[in-house]
Amino acid sequence: MEPGNLENLVEKVKAIAHGPNADLLEKFIDLLYGQEMEEEYFSPEDLAAIEEGMKASLSGDRSQFIPWEEYKARRGL
């Protein structure tokens, strides 16, 4: 990471942490942190899928997402 980017990243994280996606941010950070500790990393395919999902979500395209209740029903949870 380039110098100065860390401060920018911290400010973004602070803003998200005080918004409606705070719980999601915490879960994602915990996931990433856990991988660092275990030295397991996302595959290039995983990263591409995450990026695609983030772009779709930010653009408002919800076509690839399903409601949480539907997901749980499909998985028998």
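Residues numbered from 1 in each chain as written. Predicted model: local features only at pLDDT ≥ 70, side-chain atom pairs only at ≥ 80, totals over all residues. Heavy atoms only, no water.

Peer 1: Any chance you could break down the overall build of the protein chain for me, citing the residues and the numbers?
Peer 2: Within the protein chain one finds 4 helices and 0 strands. In terms of overall dimensions, the protein chain is more spread out than a globule: its C-alpha atoms have a radius of gyration of 15 Å, far above the 11 Å expected for 77 residues. Here the C-alpha coordinates of the protein chain stretch approximately 45 × 30 × 20 Å along the principal axes. Every one of the 77 residues in the protein chain was classed for burial, and the buried ones make up 8%. Carbon and sulfur atoms form 57% of the exposed surface of the protein chain, whose accessible area is close to 6900 Å². For the protein chain, the distance from the average site of its 8 positive side-chain charges to the average site of its 17 negative ones is 9 Å. (Helix = DSSP H or I, 4+ residues; strand = E, 2+ residues; numbered from the N terminus. Rg over C-alpha atoms; globule rule 2.2 N^0.38 Å. Buried < 20%, exposed > 50% of the residue type's maximum accessible area, 1.4 Å probe, protein only. Areas by Shrake-Rupley, 256 points an atom, 1.4 Å probe, with all protein chains shown as cover. Lys, Arg positive; Asp, Glu negative; His and termini not counted. Charge placed at Lys NZ, Arg CZ, Asp CG, Glu CD.)

Peer 1: Kindly report on the environment of Val 13, identifying the contributing residues and their values.
Peer 2: On the secondary structure map, Val 13 appears in helix H1 (residues 5-17). For Val 13, a relative accessible area of 29% puts it in the partly exposed group. Sequence-distant contacts of Val 13, that is, excluding residues within four places in its chain, are made with Leu 25 and Ile 29. (Contact = heavy atoms within 4.5 Å.)

Peer 1: Summarise the pattern of salt bridges; cite the residues concerned and give the values.
Peer 2: In this structure the tally under the stated criterion is 4 salt bridges. Salt-bridge contacts for Lys 14 lead to Glu 11; the nearest nitrogen and oxygen are separated by 3.9 Å. With Lys 14 and Glu 11 both in helix H1 and 3 residues apart, this pair spans about one turn of that helix. Since its relative accessible area comes to 44%, Lys 14 is described here as partly exposed. (Salt bridge = Lys/Arg side-chain N within 4 Å of Asp/Glu carboxyl O.)

Peer 1: Pulling in residues and values, what's your account of the packing of aromatic side chains?
Peer 2: Considering all chains together, one arrives at 1 aromatic pair under this definition. Seen from their ring centres, Trp 68 and Tyr 71 are 5.6 Å apart, and the 15 degrees between their planes marks the pair as stacked. Of this pair, Trp 68 and Tyr 71 both sit in helix H4 (residues 68-75), 3 residues apart, which is roughly one turn of that helix. (Phe/Tyr/Trp six-rings, centres within 6.5 Å; stacked < 30°, edge-to-face > 60°.)

Peer 1: Before we move on, can you summarise H4 with the specific residues and values?
Peer 2: With respect to burial, H4 is a largely exposed element, only 0 of its 8 residues being buried. Gly 76 lies just past H4 and shows a positive phi near 70 degrees.

Peer 1: Just give me the short version of helix H3 (residues 44-59), but keep the residues and values in it.
Peer 2: Along an α-helix, residues three or four positions apart point the same way, because every turn accommodates 3.6 residues. The end-to-end C-alpha distance of H3, which contains 16 residues, comes to 22 Å, matching closely the 22 Å that a straight helix rising 1.5 Å per residue would cover. Gly 60 sits one or two residues past H3 and shows a positive phi near 90 degrees. (Expected span 1.5 Å × (residues − 1).)

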